[in-house]
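Listed here are the chains, written in short residue letters.
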Amino acid sequence: MMPLLTTKGLSRHFGGLRAVDGVDFALMPGEIRAIIGPNGAGKTTFVSLLSGRIRPSSGMVVFDGSDITAMPAYKRVRLGVAYTFQITSVFANLTAFDNVALPVQRTLTDGRTNGQVRSGVMAALERTGLADRAGALAGQLSYGHQRLLEVAMGLALKPRLLILDEPTQGLADSEIDNFIMLVREIARDATVLLIEHNMPVVMQLADRITVFNSGKILAEGTPGEIRANAEVQDAYLGATHG
Amino acid sequence: MRDASPAKTYALHIGVIALLFALNFVLPDYHQGLFARIMTLAVFAMGYNLLFGYVGLLSLGHAMFFSAGLYGAGLTVYHLGWGVPEAFVAGVACGALLALVIGLLALRTSGVAFMIVTMMFAQVFYLLILYFAAWTGGDQGLVIQQASRVIAIGGASFDLTNATVRYMSALALFSIILLVTLAVVRSRFGRVLVAIRENEERTKMLGYDTVANKLAAVVASGAICAASGAAYALLFGYVGSGFASVQYSILPLLWVLLGGAATTLGPLIGTLFMYYVTDITSGFTSAYLLIVGVALILLVLFFPKGILGSIRERWLGWLP
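Residues numbered from 1 in each chain as written. Chains lettered and ligands numbered in written order. Predicted model: local features only at pLDDT ≥ 70, side-chain atom pairs only at ≥ 80, totals over all residues. Heavy atoms only, no water.

Visitor: Looking at this model, I keep getting lost on the interface of chain A and chain B. Mind explaining?
Guide: Accessible area lost upon the coming together of the parts serves often as the stated size of an interface. On the side of chain B, 18 residues touch chain A, which itself brings 28 residues to the contact. Summing both sides of the interface, chain A and chain B together bury roughly 2,200 Å²; the carbon and sulfur share of this comes to 60%. Considering only the surface of chain A that becomes buried against chain B, A:Tyr74, A:Phe91 and A:Gln105 emerge as the three largest contributors, covering 27% of it. Along the contact surface separating chain A from chain B lie three salt bridges. The salt bridge involving A:Glu150 is made with B:Arg202; its shortest N-O contact spans 2.8 Å. Counting the contacts that link chain A with chain B gives ten residue pairs in polar contact (both at pLDDT 80 or more). Elements supplying a minimum of two residues to the side of chain A that touches chain B: helix H2 (73-79), helix H3 (96-110) and helix H5 (143-156) of chain A. At nine residues, the largest contribution of residues to the side of chain A that touches chain B is made by H3(A). (Contact = heavy atoms within 4.5 Å. Buried area = accessible area lost by both parts, 1.4 Å probe. Salt bridge = Lys/Arg side-chain N within 4 Å of Asp/Glu carboxyl O. Polar contact = N/O pair within 3.5 Å; in protein donor to acceptor, adjacent residues only side chain to side chain. Helix = DSSP H or I, 4+ residues; strand = E, 2+ residues; numbered from the N terminus.)

Visitor: In this structure, what is going on with the packing of H3(A) against helix H4 (residues 117-127) of chain A? I would like to understand it.
Guide: How two helices sit against one another is set out by the angle between their axes and by the gap between those axes. Residues and elements named next belong to chain A. In contact at an axis separation of 9 Å, H3 and H4 are set at 120 degrees when each is read in the N-to-C sense. Our classification of the angle between H3 and H4 gives oblique. Here H3 and H4 pass one another in a crossing that is right-handed. For the pair H3 and H4, contact is made by Phe 97, Val 100, Ala 101, Val 104, Gln 105 and Leu 108 and by Val 117, Arg 118, Gly 120, Val 121, Met 122, Ala 124 and Leu 125, respectively. (Axes fitted to C-alpha atoms, helices over the stretch in contact; angles between N-to-C directions. Parallel < 35°, antiparallel > 145°, perpendicular 65-115°, else oblique. Left-handed = near helix turned anticlockwise from the far one by under 90°.)

Visitor: Can you walk me through the packing of helix H7 (residues 163-186) of chain B against helix H10 (residues 210-236) of chain B in this structure?
Guide: Residues and elements named next belong to chain B. Here H7 crosses H10 at 175 degrees, and the two axes come no closer than 11 Å. Classed by the angle they form, the pair H7 and H10 counts as roughly antiparallel. From H7, Arg 166, Ser 169, Ala 170, Leu 173 and Ile 177 reach across to H10, where they touch Ile 224, Ala 227, Ser 228, Ala 231, Leu 235 and Phe 236.

Visitor: Even after reading the chapter, I still don't get the environment of A:His13, so can you show me in this structure?
Guide: All names here are of chain A. Inspection of the secondary structure assignment puts His 13 in strand E1 (residues 5-14). With relative accessibility at 28%, the residue His 13 sits in the partly exposed group. Ignoring anything within four residues of it in the chain, the contact list for His 13 reads Arg 18, Val 20, Asp 21 and Ser 57. (Buried < 20%, exposed > 50% of the residue type's maximum accessible area, 1.4 Å probe, protein only.)

Visitor: Sorry, what's going on with the sheet that holds E1(A) here?
Guide: Strand pairing in a sheet relies on backbone hydrogen bonds. The paired strands run either parallel or antiparallel. All names here are of chain A. Strand order in the open sheet formed by four strands is E2-E1-E4-E5, and the pairing between neighbours is antiparallel. For this open sheet the edge positions go to strand E2 (17-27) and strand E5 (66-67), each flanked by a neighbour on one side alone. Note that E1 and E2 share seven bridges and pair antiparallel. Each residue of the ladder has a partner; that of Phe 14, found in E2, is Leu 17. Sitting on the sheet, helix H1 (residues 43-51) touches E1, E2 and strand E4 (58-63), and the angle it makes with E1 is about 120 degrees. (Pairing = 2+ DSSP bridges.)

Visitor: How should helix H11 (residues 247-259) of chain B be read in this particular structure?
Guide: Residues lying three or four places apart along an α-helix face the same way, a consequence of the helix completing one turn every 3.6 residues. Given a rise of 1.5 Å per residue, 13 residues ought to cover 18 Å, and the 18 Å separating the end C-alpha atoms of H11(B) matches this to within 8%. Buried residues in H11(B) make contact with helix H2 (29-55), helix H3 (63-80), helix H5 (112-131), helix H12 (266-284), helix H13 (288-302) and helix H14 (306-314) of chain B. (Expected span 1.5 Å × (residues − 1).)

Visitor: For this particular structure, what's the right way to read the pattern of salt bridges?
Guide: If charged atoms from side chains of opposite charge come close, those side chains can pair. Taken as a whole and judged by the stated rule, the model has 14 salt bridges over all chains. The partner of B:Glu198 in a salt bridge is B:Arg197, with the nearest N and O atoms 3.1 Å apart. On the basis of relative accessible area, B:Glu198 is assigned to the partly exposed category, the value being 26%. Looking at B:Arg197, the relative accessible area reads 31%, which means it is partly exposed. Taken together, the shared-partner salt bridges in this structure form one network comprising A:Arg18, A:Asp21 and A:Lys216.

Visitor: Would you mind going over the nonpolar core with me for this structure?
Guide: With 152 residues, the main nonpolar core has A:Val100, A:Leu149, A:Ile209, B:Leu20 and B:Phe174 as its most contacted residues. For this core, the element with the most residues is H2(B), which contributes 17 residues. Other than its neighbours up to four places away in sequence, A:Ile209 contacts A:Arg33, A:Ala34, A:Ile36, A:Val202, A:Met203, A:Ala219, A:Glu220, A:Gly221, A:Pro223 and A:Ile226. Counting 26 residues, the second largest nonpolar core, distinct from the first, contains A:Leu4, A:Leu10, A:Val47 and A:Leu193. (Core = buried A, V, L, I, M, F, W, Y, C linked by side-chain atoms within 4.5 Å.)

Visitor: How should I be thinking about the confidence of the model for chain B in this particular structure?
Guide: Residues shown with low pLDDT carry predicted positions that ought not to be read at fine detail. For chain B, mean pLDDT is 92; residues scoring 70 or higher make up 99% of the total. Scored by ipTM, the complex comes to 0.85, with pTM at 0.90. (pLDDT = per-residue confidence, 0-100.)

Visitor: What am I meant to see in a nonpolar patch on the surface here?
Guide: On the surface, B:Leu290, B:Ile291, B:Val294, B:Ile297, B:Leu298, B:Leu301, B:Phe302 and B:Phe303 cluster together into a nonpolar patch covering about 800 Å² of accessible area. Along the chain, B:Ile291 falls in helix H13. (Patch = residues over 30% accessible without salt bridge, like charges linked within 9 Å, V, L, I, M, F, W, Y side chains within 5 Å. Areas by Shrake-Rupley, 256 points an atom, 1.4 Å probe, with all protein chains shown as cover.)

The following block contains the structure:
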């Protein structure tokens with residue numbers, strides 16, 4: 001099977017800092033992949049290179065067989081690469097409805113979906129359990145609901161690859177269980193790449209795990225393999241759980 | 001729009017238009033003339049509001065779009081002897097074209113740099129008008145004769161110097177632009193513009209080419225402001241460089257801030273308010289600008305979102 005996304009020698013330097021340093025990475029269609037690693041390992045920079053928010057210093061990104069290294073972020077979104085932000089960035093002064101209407105009307109304009117804006121919006125809100133809050137201003141929703149709204153916006157983009165940057169940050173334990181079910185459901189028709197610090201969530205969700213350290217891939221494997229990996233223990237898991 | 005109720009919204013806007021129509025028959029001559037002027041300039045404010053209120057781009061150079069319309073219409077009538085409708089279209093086309101060129105250049109910047117760049121372009125435009133005084137009349141301006149300001153449709157002819165014809169023409173333009181603005185801000189395009197104002201980076205990550213959307217908004221805004229300028233030249237018969245000066249870039253900003261940025265009816269209310277405060281106070285004292293200034297400061301202190309913006313925030317959340 002051909003990978004959905006690959007990177008070759010992908011690097012990004014900020015001055016002398018090699019935030020991402022010659023990363024070769026491949027993601028198979030339909031998988032749930034988690035990226036873990038200590039703070040400053042280059043995880044967010046790496047997914048920002050994939051989504052096009054920042055440009056690489058060198059290397060290339062290939063999505064579904066075509067080179068997208070030079071493609072601006074908004075065009076990658078139209079190809080099906082969606083990104084949800086680490087820091088919640090819903091449109092606080094717009095209603096939940098309007099927040100989701102923006103990605104829905106985008107896919108309608110591109111011809112990737114059919115139908116009406118309203119029905120598309122309500123479907124995405126229902127899937128995330130926010131249908132009864134459609135008319136509320138996003139800024140007045142609880143933090144957990146804002147994170148869910150962010151996911152609803154990602155879903156409404158009809159992504160083929162959904163990149164979630166620390167999606168469970170700030171969620172209550174009860175909300176996390178729902179969130180795990182939601183990601184599993186999303187993964188039925190999309191590939192999911194998530195950066196996550198919450199180890200129980202990673203172990204439950206991920207098919208495979210990629211461990212970053214100092215801008216490089218330290219290890220990659222199934223949750224069981226990563227748990228057993230001594231290097232990872234030293235670099236990351238040991239430090240967190242020790 | 002927290003409570004989307006299109007029927008109520010359209011009823012309100014049609015009601016305002018009907019009220020302005022009725023006022024033609026009850027206003028004394030002086031106020032009838034003043035209202036025609038206010039409605040024409042409110043179109044300028046609405047064009048400015050589209051960019052400033054909805055997209056969040058603060059331009060300090062919109063006098064150039066207004067005067068592109070003013071001169072585009074005025075010079076074609078004066079020098080080429082064009083009829084009123086052709087001259088109006090020429091004015092709007094000049095404004096749209098100018099906005100396209102300025103937009104392509106100025107949108108490479110944002111924030112304070114955008115304000116300065118638009119202001120500098122407007123200053124260039126102003127100086128060009130003075131430089132080509134042989135055609136533009138320089139700071140004296142040009143007076144467009146009554147004979148050139150008659151529209152002949154079929155057998156009937158409408159003299160734009162007639163008070164009622166002038167009032168109705170201004171009202172017609174105002175109504176069209178008001179309803180167009182309302183339709184735009186309620187459209188998908190309008191939703192994208194507001195999203196750009198709120199968070200441009202996020203809007204990009206939803207798959208929108210924000211630069212192209214901003215450029216479209218600059219052109220639409222420039223064309224509407226030019227329509228106001230073209231109408232002003234044809235209705236009031238005077239074309240002058242004063243309308244291209246920096247004062248006419250600041251005025252629409254004041255009108256919009258007073259009435260309420262990002263409200264469809266705010267530009268009318270702001271323009272109306274400023275005109276009447278100036279008109280009334282200048283009847284009492286020659287230091288009327290001092291009183292206007294104090295009124296502005298009080299409004300900004302107590303109604304920071306403008307008259308209609310504050311009403312929307314406190315009582316009528318459904319106002320567009």
